[in-house]
Amino acid sequence: MVIGAAISLGSVIDFSDAMIFAMVFPNMLGLFLLFPRVRQELSAFLEACGKR
């Protein structure tokens, strides 16, 4: 907080944008790794509901 208060607002916003962008990579990796399991669970759910 001290560093954020000492530097300009533009630099703080640029840093926060960079950190949000950096979090995209682990999230996308998790999505790609879990996609087959999510598809399997969705099929089981729809079958249990009688929609398939």
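Residues numbered from 1 in each chain as written. Predicted model: local features only at pLDDT ≥ 70, side-chain atom pairs only at ≥ 80, totals over all residues. Heavy atoms only, no water.

Counting secondary structure elements, the protein contains three helices and zero strands. The N-to-C order of helical and strand elements in the protein reads α-α-α. Looking at the 52 residues of the protein, the share that counts as buried comes to 0%. Accessible surface for the protein amounts to roughly 4,900 Å². Of this, 73% is attributable to carbon and sulfur atoms. The distance from the centre of the 4 positive side-chain charges to the centre of the 4 negative ones in the protein is 17 Å. (Helix = DSSP H or I, 4+ residues; strand = E, 2+ residues; numbered from the N terminus. Buried < 20%, exposed > 50% of the residue type's maximum accessible area, 1.4 Å probe, protein only. Areas by Shrake-Rupley, 256 points an atom, 1.4 Å probe, with all protein chains shown as cover. Lys, Arg positive; Asp, Glu negative; His and termini not counted. Charge placed at Lys NZ, Arg CZ, Asp CG, Glu CD.)

The next thing to look at is the environment of Ala-5. Among the structural elements, Ala-5 can be located in helix H1 (residues 2–6). With relative accessibility at 68%, the residue Ala-5 sits in the exposed group. Spatially, the C-alpha atoms of Ala-5 and Phe-32 are 38 Å apart, while their sequence positions differ by 27 residues.

The quantities given are spatial measurements derived from coordinates; they are silent on function.
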